[in-house]
Number of protein chains: 2
Amino acid sequence: MDPVKVIEIKKSVFADNDQDADALRKELKGKGVYLLNLMSSPGSGKTTTLIRTLNLLKDKLRVAVMEADIDSDVDAIKIKEATGVPSIQLHTGGMCHLDAEMTRQGLDHVDMDGVDLVILENVGNLVCPAEFDTGACRNAMILSVPEGHDKPLKYPLMFSVCDLVLVNKTDVMPYFDFDLEKCREYVRLRNPKATVLPICAKTGEGVEAFAQWLLEEVRNWKKQ
Amino acid sequence: MDPVKVIEIKKSVFADNDQDADALRKELKGKGVYLLNLMSSPGSGKTTTLIRTLNLLKDKLRVAVMEADIDSDVDAIKIKEATGVPSIQLHTGGMCHLDAEMTRQGLDHVDMDGVDLVILENVGNLVCPAEFDTGACRNAMILSVPEGHDKPLKYPLMFSVCDLVLVNKTDVMPYFDFDLEKCREYVRLRNPKATVLPICAKTGEGVEAFAQWLLEEVRNWKKQ
């Protein structure tokens, strides 16, 4: 297998990120490509979730993955080896988030005529990535059970900008004081329209629902 | 019990944070006050660890706590209720880190003549807080078992600037693929002098060693 492509992302020069993000979304629309921005804390299971999901989706959609990380390449390699889906690694060079221009630098290395869905795995961080519109069609996030159900209270912006919250690592629920109903209630406080899906990326439980959500999103995006 | 004091932190105006941090450390030295900057991901157990540690230390040292959070007050209230130790809440107003001037804004509300040790619980984030010297005597961090032993590879700067890494939630080690020896090896790659202490804040296991580390640190700081 070829080594994964590693892109060193440069700092953006655009003054108005929101405007740039809207322009990128319009371009994506024109090309019929759906971009999902997936965010979470470090270690919440983004890569494992993606592997499970891609294996369910790859025969139904043409997918590519961009893995943003400060320094290492391990995630893009893992994705490519476990799913065969084209994956590139974006090195942010210490930067704590991606904006629209940085996302575009990654997309320049994706075969945009050959994909329906691009998943951007953002830097593991519940604060800064929420502040920058990447140009994605939707934001989704993973909250893992060990992090606690109070996170929507402590990281309000992240939960406000996400339309989908995957509650991962449900297999360890018995070992943590995690209240799923309270979690749903706190998520609703931040974003009443958000969907909450409990999953276990390790066992695969619930991941089908995420794949289904993505399928419908991509279909609607292409139809509209 | 009085409600906790909530300080709304303003953005810093100082151009040179490193210089400002050195000046703050010198002031702390003059007053015989040791400041620890405690960092971690969201949900790694900083507050629970502090509660255990403060209950071991509070009869040996005069301690105060500053809890930084983007928005909520829950941590400072928890600390105060569970330990009786003076705790104030710093609201960062969406900011993802604290620098020296922001730390000083918090210290202005601490009785500096009446304390030996101030613990600053930084914003839950493995990226940005590592980039800003707060003026603390030492940086410490918590990595929790569910986050995975590969985090020193992915968040290199955080592990480089910390002299102590607490590996928390060891009670759930059997349910996660966490390799403590690999973790130690990766931490050493980033900072060969760092101490790694496995703890379980929930049961209290290992927390005594952290309290002992702090006691010695404070004694050495006052002696030097």
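Scroll up a little and you will see the structure.
Throughout what follows, the structure given in this document is the object of discussion. (Residues numbered from 1 in each chain as written. Chains lettered and ligands numbered in written order. Predicted model: local features only at pLDDT ≥ 70, side-chain atom pairs only at ≥ 80, totals over all residues. Heavy atoms only, no water.)

### So, the pairing of strand S5 (residues 117-121) of chain B
Residues and elements named next belong to chain B. With 5 of its 5 residues buried, S5 lies for the most part within the structure. Every second residue of S5 is oriented toward a common face, with Leu-117, Ile-119 and Glu-121 on one face and Val-118 and Leu-120 on the other, all of them buried. Relative to S5, strand S2 (residues 34-40) runs parallel, the two being bridged by 5 bridges. Each residue of the ladder has a partner; that of Tyr-34, found in S5, is Leu-117. Where strand S3 (residues 63-69) meets S5, 5 bridges bridge the pair, whose relative direction is parallel. Bridging from a neighbouring strand, Val-63 pairs with Leu-117 of S5. (Buried < 20%, exposed > 50% of the residue type's maximum accessible area, 1.4 Å probe, protein only. Helix = DSSP H or I, 4+ residues; strand = E, 2+ residues; numbered from the N terminus. Pairing = 2+ DSSP bridges.)

### Here we look at empty space enclosed by the protein
Per the stated rule, a full pass over the model turns up 1 cavity of 30 Å³ or more. Approximately 60 Å³ is the volume attributed to the largest cavity. What lines the largest cavity is a set of 14 residues, among which Ser-144 and Glu-147 of chain A together with Pro-42, Ser-144 and Glu-147 of chain B lie closest to the centre. Per-class residue counts for the lining of the largest cavity are 4 nonpolar, 7 polar and 3 charged. (1 Å grid on protein atoms, 1.4 Å probe; cavity = no way out; pocket = protein on both sides within 12 Å on 5 of 7 lines; lining within 4 Å. Points joined across faces, edges and corners; volume = space filled by probe spheres on them. Nonpolar A, V, L, I, M, F, W, Y, C, P; charged D, E, K, R; others polar.)

### Overview of the relation of the copies chain B and chain A
Least-squares fitting of chain B to chain A yields an RMSD of 0.0 Å, with the superposition described by an axial translation of 0.0 Å and a rotation of 180 degrees. Here the transformation between the copies is reduced to the relation of a two-fold axis. It is Asn-125 of chain B whose C-alpha, among those of chain B, lies nearest the rotation axis, at 3.0 Å. Taken together, the interface assignments show that 100% of the residues at the interface of chain B recur at the interface of chain A, consistent with an identical surface on both copies. (Least-squares fit on C-alpha atoms with pLDDT ≥ 70 in both. Contact = heavy atoms within 4.5 Å.)

### Here's the deal with the pairing of strand S6 (residues 138-144) of chain B
All names here are of chain B. Burial of S6 is extensive: 6 of the 7 residues sit out of reach of the surface. Across 5 bridges, the pairing between S2 and S6 is parallel. Its bridge partner being in S6, Leu-38 is matched across the sheet by Ala-140. Pairing of S6 with strand S7 (residues 164-168) involves 5 bridges; the strand directions are parallel. Paired with Met-141 across the bridge in S7 is Val-165.

### Digging into the packing of helix H2 (residues 46-57) of chain B against helix H3 (residues 74-83) of chain B
Residue and element names in this part refer to chain B. One way to put it is that H2 packs onto H3 with a least axis distance of 10 Å and a crossing angle of 25 degrees. With respect to their mutual orientation, H2 and H3 come out roughly parallel. The handedness of the crossing between H2 and H3 comes out as right-handed. Packed against H2, whose contacting residues are Thr-47, Leu-50, Ile-51, Leu-54 and Asn-55, the element H3 presents Asp-75, Lys-78, Ile-79, Ala-82 and Thr-83 at the interface. (Axes fitted to C-alpha atoms, helices over the stretch in contact; angles between N-to-C directions. Parallel < 35°, antiparallel > 145°, perpendicular 65-115°, else oblique. Left-handed = near helix turned anticlockwise from the far one by under 90°.)

### With respect to the interface of chain B and chain A
It is common to report an interface's size as the accessible area lost on association of the parts. If you look at the interface, chain B gives 32 residues, while chain A gives 32 residues. When the buried area of chain B at its contact with chain A is split by residue, Pro-42, Lys-154 and Tyr-175 of chain B rank highest and sum to 23% of it. For the pair chain B and chain A, the number of links is 8 residue pairs in polar contact (both at pLDDT 80 or more). Listed by contribution, the elements that provide at least two residues to the side of chain B that touches chain A are H3 and helix H5 (151-154) of chain B. Ranked by the residues each element gives to the side of chain B that touches chain A, the list is headed by H5 of chain B, at 3 residues. For the side of chain B that touches chain A, the per-class residue count stands at 15 nonpolar, 6 polar and 11 charged. (Buried area = accessible area lost by both parts, 1.4 Å probe. Polar contact = N/O pair within 3.5 Å; in protein donor to acceptor, adjacent residues only side chain to side chain.)

### What about the sheet that holds strand S4 (residues 87-91) of chain B?
Backbone-to-backbone hydrogen bonds join strands into a sheet, with any given pair of strands oriented parallel or antiparallel. Residue and element names in this part refer to chain B. One open sheet accounts for 8 strands, arranged S1-S4-S3-S5-S2-S6-S7-S8; its pairing is parallel. The sheet terminates laterally at strand S1 (5-8) and strand S8 (195-198), the two strands that pair on one side only. Going from strand to strand, the sheet's axes swing by 20 degrees on average, the running direction of each strand aside. In the sheet, S1 pairs with S4 via 4 bridges, with the strands oriented parallel. Opposite Ile-7, over in S4, you have Leu-90 as the bridge partner. Helix-sheet contacts for helix H7 (residues 180-190) involve S6, S7 and S8, and the interaxial angle to S8 is about 155 degrees. Of the strands in this sheet, S2, S5, S6, S7 and S8 touch helix H8 (residues 207-223), which is tilted by about 145 degrees from S2.

### So, the side chain of His-91 of chain B
All names here are of chain B. Along the polypeptide, His-91 turns up in strand S4. Taking relative accessible area as the criterion, His-91 reaches 8% and is therefore assigned buried. The contacts of His-91, once residues within four sequence positions are left out, are Val-6, Ile-7, Glu-8, Ile-9, Asp-69, Ile-70, Asp-71, Ser-72 and Asp-73.

### Concerning unusual backbone geometry
All names here are of chain A. Here Lys-169, not a glycine, exhibits a phi torsion of approximately 65 degrees, which is positive. By secondary structure assignment, the location of Lys-169 is in the loop between strand S7 (164-168) and helix H7 (180-190). Classification of Lys-169 as buried rests on a relative accessible area of 11%.

### Things to note about the pattern of salt bridges
If the charged atoms of two oppositely charged side chains come close together, the side chains can form a pair. Under the definition given, this model contains 25 salt bridges over all chains. A salt bridge links Asp-75 of chain B to Lys-154 of chain A; its shortest N-O distance comes to 2.8 Å. Here Asp-75 of chain B, found in helix H3, pairs with Lys-154 of chain A, found in helix H5 (residues 151-154), and the two come from separate chains. Neither residue differs from the other here; Asp-75 of chain B and Lys-154 of chain A are each classed as buried. When the shortest N-O distance is used, the salt bridge between Glu-27 of chain B and Arg-104 of chain B registers 2.6 Å. With Glu-27 of chain B in helix H1 (residues 17-31) and Arg-104 of chain B in helix H4 (residues 100-107), this pair connects stretches of sequence that are 77 residues apart. (Salt bridge = Lys/Arg side-chain N within 4 Å of Asp/Glu carboxyl O.)

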